[in-house]
Amino acid sequence: MSEDGQRIGGLTSGLALILTSEDQRESPQKSHLISFFDDFGYQSVERTLEHIFQLPYKSVRPLPTPFEASLIHSILKNDICKFRDNQDAALPNRDGICITDSGCGPHNVTIDDTSICGDIRIIKQPLIIESQAMFSSVRANACVWKGKWMYEVILETSGIQQLGWATLSCPFTEHKGVGDAEDSYAFDGRRVSKWNKEAERYGQSWVVGDVIGCCIDLDRNEISFYRNGLSLGVAFDNVRKMAPGLGYYPAISLSQGERCNLNFGAHPFNYPIQGFYPLQSPPTVNSLATHLLQCFFRLLELQRMEKADSTSVEKLGRLKRFAPIKELFQPIAHAICEEFFCVVDMELGGIEYVCWGPLVSFLMDAFRKQSPHDFESLDGVIDLFLEFQGSRMMFQHVISSLSCSCKIATLVLTECPYSGSYSYLALVCHILRREELMVLWWESSDFDFLFEGFLSRKGLNKQDLQCLMPSVWWPGSCEDVSYESCMMLTTATLSGAVSKIEEMHRKLCCLVIEFVPPITPPQLPGSVFMTFLQNLLLKNRGFAEGDICRWIKGTGTKAGDDVGFLHRAGQRSFPVGLFLKNDPHRTDISRLGGSFNHILNSHPANDGETEVFQWEEGCMDDEETKVTHSTRQKPCCCSSSDIDFTGITKDPIQLRSKGSRAYCSPLPDRSTHVAAECSTGSLNDDMVDKASSSDQSEPEFSYRPLQHHLRNVPKRASHLYSATLREEELLDAMLLLYHIGLAPNFKQASYYMSHQSQSISLLEETDKQIKEKACNEQLKRLKESRNGYREEVIDCVRHCAWYRISLSSQWKQRGMYATCRWIVELLLVLSKMDSLFIYIPEFYLEALVDCFHALRRSDPPFVPSTVFLKHGLASFVTFIVTHFNDSRISSADLRDLLLHSISVLLQYKDYLIAFESNAASVQTLPRALLSAFDNRSWIPVTNILLRLFKGSGFGSSKHGELSSTLFQGLLRDTCIHDEALFSAFLNRLFNTLSWTMTEFSVSVREMQEKYQVLELQQRKCIVIFDLSCNLARVLEFCTHEIPQAFLAGSDMNLRRLTELVVFILNHETSAADAEFFDIRPLRRLGQSQEKINRGMILAPLVGIILNLLDASLDPEFQNDLLAVFASMDCPVTVQCGIQYLLEYNWAGSLRGNPSSTRLRQLEQFSGLLRSRTESREAEKLISSGEAEDDDDDQCCICYTSVADAWFEPCSHTSCYGCITRHLLNCQRCFFCNAVVLEVHRNDEKTL
């Protein structure tokens, strides 16, 4: 006990360091290095060193006092020598491989330039290659003939690539590559096939960022492939053995524009496969460098434990084994780093390999992959590394490695929310807070490439989604009830992980935006970022999933801005000169008025038009309905309402296409009160309320201001954007990146939502048929079909859920809504200036429409449809109704895009009300629709008119049909007051309906001649028939609302109408068509089997006849409907057609039950027509002899009227009705094809 007391008095026992007293807490530096220990105290310094360097117990002799750094070097030297001896004995046997020196060294594996067929370029060292020919192939400079070997391919694109192995006998041509010959084997994930002369189904589809492992086992004669470390199975067995030196070469074939990153072993494999060796052996220094870094990490762990905020008992339990580390840390760490830098410099390529592998792993472990991160330890490591000369090159490799890791990082459900690329982004954001490292990155030639890599996010295929979402549920499904809660939990977890990654994207972009490059002349903040955007646009590649959209919100460059750019009230401005600049990345972008060069020559801009254009927010809206950031009612993007919009309606997805269904679960979102942005807050406030993934506050994480020490960096200065980054320019770049990168993803999401609805309908219909207890054989087929439909539904549900997670969070939707408001105001303001409007890039309009419909279809809905337009986007309706027929927009596709938007929106009651309350819509839409009914746009115009007329025709149901009496009246007034416009519209309507019915009849006969119903022909018939029905309904509306067009004045319109009615009746009652209607069941996609209902086309015909009969009672109308019908050349056909209409089963075919009164009216008309026809036939017989002498006076076109008109200049004759009708569509003579200048009637009247 006396000895113990002496040790305690000398602070040699661990009990003396129990931190229970206040004195000890106030003076934590009172620790001593000791070289001996007892069972209850600290281990000695010697034992601590043994732990750090993994030395045998008591191998370190008692140390002298004081402690000297030279002792650490001595230990390291001895340890290094032993390590090398052990390593030499453990080197793998590399017999079975031959590497040809291609100028890069005898042990370096690279592509063999002499084997290239096509055009393959190295985009970035070491081996990112791209095919610039239609089809290119290449081999490596290494071949293997025995053993187990592999190489990795990182996909930069996901198109057609054939990756594998080939011998020298495999010919490479413009059409044949790897896998197209006997001793050639390849895998193509785009086509999901393996290739060896012939293609067979194999593997999984691949996506950008996938790491494909290509393995050959010549001991078992097998070739296999791995995707992200997971085996796709043995692709080829019985691979032919080759003689030494004549083995299999790594080989790839790429289609044009395809890129990939080849790693034969120059970098550590991302997914090494046990038992397989890299073609290029790793540097011999790698193992030793890894050992030194492991020693360093154990030293850091001891430091962490000593600094841990734990109880004294816990500290005793941790520290009683080792001496206090504070005074040991610096000399040991410095000695380890010194040896580390010496080791990696010993071998060519050693530093690159070590940095891409063990060094990045060490930094990640020191930093901690998950929050809370250990910023202090990482800062200490970086400070120590920067003391050494080779640290700049080392950090260049580290940044490159982290960028590559971001591109290939996959989300793992069990690691969420700190999964995917989060940890790499968090690490690089902290590293780049240092001025010298940010400058180092910016000076590198790969700055843009690496920055793009950081902002990338790996895609997912079907199998990836299956792993992330193992349990799937949707409303009405028969799956396990527990799946619903499981899926909700999964989507919430994945949403949290995506939010963490997006937060890091934003922080990295903030660092780059705030970075001021140290060059002369001085640059302003944002110049580097704008240069990056310009270069990215020049490449025209975009982002895989719209990463710009994730981090753009909340970034800014102007100090003192109080509100987010898109949420500012009051005056807005835009530098119109941005559209007029002759920049290389903008001149090839199509403009509304055509190509840039053409507009510049035909409409040169004035100098005054290049200035900043200003307007007041909401200036294009009605004062009564205006909603701005200044009004009491805020726009939807800045609403502070706490209402849960997803709970307002029972069906939260009602805004999508009819019948669309999708699983909808709420996603966790930031509890932001965006309305505050309209008055207070900072430019970055929009993101402040996002849960932080670090243990540092936002100001602490922001970029450290650079010192004002400028130096020349001529390498990048010449390419630098010289002006400050304006917010309007950032918006311009964001729109283009949205258009080329993100809009396709929203369209894909819409496809999956629609396909999910169709698959659910088919699944439910199949379940219904199974319950009806069909026969055994049919039941077997139904169950097989059900399994297929179920798999389709599950796949669609997973895709829809992923798109909701990655695209549809509330903060993104608010940003998209604000962007729509801003752009539509800009377009409306500039539309008042012809000379500027035509210069607007087409992608502005396309991005506006795409963004609007993406919000409208969002699941869950962004806001209810009742306020979607009313609270901020009423101007969108104004723009589309005033510009879908704007001749200044040269692209017909763009005009069709606007017209289609109108057609889609009018399907929904809330949007129809918005159109009816919009002044521009009421004023311009009716006339514009009639004008736009031409050869190209007649289908969407017909759909729009039909939706406005629904429920007003014969046999139509008045209940549940969406129509607009307001627009019906406006259309009627427009037709009455503009006879020329209506006459042109009616002529095109007659011609189009005649063409569609002819096409339908031809399509029916084609199907009957082939004795089989193909799905494509089936759908074609359905589409053409539906279009014919719609056109007939429009014609029915015209006879009801504007009967004077047929019954007053010339009877030409009435005759054309009558001929068309008879023509349709003849087709519907003909033997061939009737047989088709009776026995050929057609199935609309996603619906149960049904026959085409001929009542759909017959009902508007009845309505046309009845409308004209009712109007004929007006004495002002002189044209005789009965006489025109009776004058048709085929009286029997007309009578049969009318009789068929009377006998048709209307109650069984139409939802609306026509009244018996109206059908009796048709029956009376049939009787009168029969009498009139008989009388007319009798008159013909009596007058036939008298008229023989007058044949020369008959019209040789219709043979029913007198030729009372002659034409100039050819003097040919016909009846006035025939020539007038002909001139509606053609201005040339019937007989000689001369251009008709004038038409003279025998009564001296001239047309």
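Residues numbered from 1 in each chain as written. Predicted model: local features only at pLDDT ≥ 70, side-chain atom pairs only at ≥ 80, totals over all residues. Heavy atoms only, no water.

1. Comments concerning the overall build of the protein
Put simply, the test is: Under the scheme used here, helices are H or I runs from DSSP no shorter than 4 residues and strands are E runs no shorter than 2 residues, and both carry numbers assigned from the N terminus. Between buried and exposed lies partly exposed: a residue is buried under 20% and exposed over 50% of the maximum accessible area for its type, with that area taken using a 1.4 Å probe on protein chains only. We call two residues in contact when some of their heavy atoms are within 4.5 Å. To measure how exposed things are, a 1.4 Å probe is used in the Shrake-Rupley method; for residues, cover is taken only from the protein chains shown.
For the protein, the helix and strand inventory stands at 45 helices and 23 strands. Counting over 1247 residues, the protein shows a buried share of 54%. Contacts spanning at least 24 positions in sequence make up 74% of the contacts within the protein whose residues lie at least 6 apart. For the protein, the exposed area adds up to about 55200 Å²; of that, 50% sits on carbon and sulfur atoms.

2. Quick word on unusual backbone geometry
Peptide bonds are trans in most cases, and residues, glycine excluded, mostly fall at negative phi. With an omega dihedral of 5°, the bond running from Cys416 to Pro417 counts as a cis peptide bond. Its place among the elements puts Pro417 in the loop between helix 10 (391-408) and helix 11 (422-431). Note the cis peptide between Thr520 and Pro521, where omega equals 0°. For Pro521, the location among the structural elements is in the loop between helix 15 (482-514) and helix 16 (527-539). Despite not being glycine, Lys197 has its phi angle at roughly 70°, a positive value. With respect to the helices, strands and loops of the structure, Lys197 is situated in the loop between strand 9 (193-196) and strand 10 (198-201). Unlike most non-glycine residues, Asn238 shows phi in positive territory, near 55°. Turning to its location among the elements, Asn238 is positioned in the loop between strand 13 (230-236) and strand 14 (249-255).

3. What to know about helix 5 (residues 285-307)
In an α-helix, one turn spans 3.6 residues; hence positions three or four apart end up facing the same way. Formally: By this rule, a helix spans an expected 1.5 Å times one less than how many residues it contains.
Between its first and last C-alpha, helix 5 extends 33 Å over 23 residues, near the 33 Å set by a 1.5 Å rise per residue. Among the 23 residues that make up helix 5, 17 are buried, leaving the element largely enclosed by the rest of the structure.

4. Focus on the packing of helix 10 against helix 12 (residues 435-443)
Quick note on the threshold: Between N-to-C directions, angles span 0 to 180 degrees; the directions come from axes that are lines fitted to C-alpha atoms, helices contributing only their stretch in contact. These descriptions rest on fixed angle ranges, namely under 35 degrees for roughly parallel, over 145 for roughly antiparallel, 65 to 115 for roughly perpendicular, and the rest for oblique. The hand of a helix crossing depends on one turn: near helix anticlockwise from the far one by less than a right angle means left-handed, and clockwise means right-handed.
Running from amino to carboxyl end, helix 10 crosses helix 12 at an angle of 70°, the nearest separation of the two axes being 10 Å. Taken together, the axes of helix 10 and helix 12 are roughly perpendicular relative to one another. Here the hand of the crossing between helix 10 and helix 12 comes out right-handed. Contact residues: helix 10 offers Arg392, Phe395, Gln396 and Ile399, while helix 12 offers Leu437, Leu440, Trp441 and Glu443.

5. Section: the sheet that holds strand 23 (residues 1238-1241)
Heads up, the rule is: Only strands that DSSP links by at least two bridges are regarded as paired with each other.
With antiparallel pairing, 3 strands are arranged side by side in an open sheet as 22-21-23. The sheet terminates laterally at strand 22 (1213-1214) and strand 23, the two strands that pair on one side only. When strand 21 (residues 1205-1208) meets strand 22, the two strands line up antiparallel, connected through 2 bridges. Paired with Ala1205 across the two strands is Ser1214, which belongs to strand 22.

6. Thoughts on the sheet that holds strand 14
Taken in spatial order, the 6 strands line up as 4-14-7-8-9-10 in an open sheet, and their pairing is antiparallel. One side of each edge strand has no neighbouring strand; the edge strands of this open sheet are strand 4 (135-139) and strand 10. Averaged over all pairs of adjacent strands, the angle between their axes in this sheet comes to 20°, without regard to strand direction. Note that strand 7 (residues 161-166) and strand 8 (residues 184-188) share 4 bridges and pair antiparallel. Considered in strand 8, the bridge of Ala166 is made with Ser184.

7. Focus: the nonpolar core
When a protein is soluble and globular, its nonpolar side chains tend to lie buried together. Cut-off, in case you're wondering: As used in this record, nonpolar core signifies buried Ala, Val, Leu, Ile, Met, Phe, Trp, Tyr and Cys residues forming a set joined through side-chain atoms within 4.5 Å.
If you look at the biggest cluster of nonpolar residues, it comprises 275 residues, and the most contacted ones within it are Phe296, Leu359, Phe385 and Trp441. Top contributing element to this core by residue count: helix 23 (residues 727-771), with 17 residues. Grouped together as the second largest cluster of nonpolar side chains are 38 residues, Leu127, Val138, Ala140 and Leu232 included.

8. Things to note about the pattern of salt bridges
To keep it simple, the criterion reads: A pair is scored as a salt bridge if a Lys or Arg side-chain nitrogen falls within 4 Å of a carboxyl oxygen belonging to Asp or Glu.
Under the criterion given, the structure shown has 32 salt bridges. Ionic pairing is found between Asp183 and Arg240, a salt bridge with its closest N-O pair at 2.2 Å. Placement of the pair is Asp183 in the loop between strand 7 and strand 8 and Arg240 in the loop between strand 13 and strand 14, with a sequence separation of 57 residues. Under the relative-accessibility criterion, Asp183 is labelled buried at 5%. Given a relative accessible area of 43%, Arg240 falls into the partly exposed group. Taking the shortest distance from any N to any O, the salt bridge between Lys194 and Glu200 comes out at 4.0 Å. It is possible to trace a salt-bridge network through shared partners that takes in Asp210, Arg227, Lys458 and Asp464.

9. Things to note about the pairing of strand 9
Summarising the sheet, strand 8 and strand 9 pair through 3 bridges and their orientation is antiparallel. Residue pairing for strand 9: Phe187 is matched across the bridge by Lys194. Between strand 8 and the antiparallel strand that follows it, strand 9, lie 4 residues; Val192 among them carries a positive phi value of about 50°. Where strand 9 folds back on strand 10, the antiparallel hairpin that results is connected by 1 residue, among which Lys197 adopts a positive phi of roughly 70°.

10. Thoughts on the packing of helix 34 (residues 965-977) against helix 35 (residues 979-1009)
Across the interface, helix 34 lies against helix 35 with an axial gap of 5 Å and an inter-helix angle of 105°. Here helix 35 runs roughly perpendicular to helix 34, going by the angle between their axes. Here helix 34 contributes Thr974, Cys975, Ile976 and His977 to the contact with helix 35, which in turn contributes Glu979, Leu981 and Phe982.

11. Structural notes on helix 25 (residues 810-830)
Over its 21 residues, helix 25 extends 30 Å from the first C-alpha to the last, a length consistent with the 30 Å expected when each residue adds 1.5 Å. With 20 of 21 residues buried, helix 25 is to be regarded as a mostly interior element.

12. Focus: the packing of aromatic side chains
For clarity, the cut-off: The pairing test for Phe, Tyr and Trp rings, Trp by its six-membered ring, is centres within 6.5 Å, and the orientation test on the planes gives stacked under 30 degrees, edge-to-face over 60, and tilted for anything in between. Either the NZ atom of lysine or the CZ atom of arginine qualifies as a charge over a ring when it sits within 6 Å of the ring centre and within 35 degrees of the ring normal.
Tallying each qualifying case throughout the model produces 50 aromatic pairs. The interplanar angle of 35° and the centroid separation of 5.1 Å between the aromatic rings of Phe574 and Phe579 together place this pair among those described as tilted. The class for Phe574 is buried, based on a relative accessible area of 0%. Ring geometry for Tyr751 versus Tyr752: centroids 5.2 Å apart, planes at 65°, classification edge-to-face. Through pairs of rings, three or more aromatic residues link up here, namely Phe296, Phe329, Phe340, Phe341, Phe362, Phe385 and Phe388. When the ring centre of Phe236 is taken as reference, the NZ or CZ atom of Lys194 above it lies at 5.5 Å. Residue placement shows Arg888 over the ring face of Phe837; its charged tip is 4.3 Å from the ring centre.

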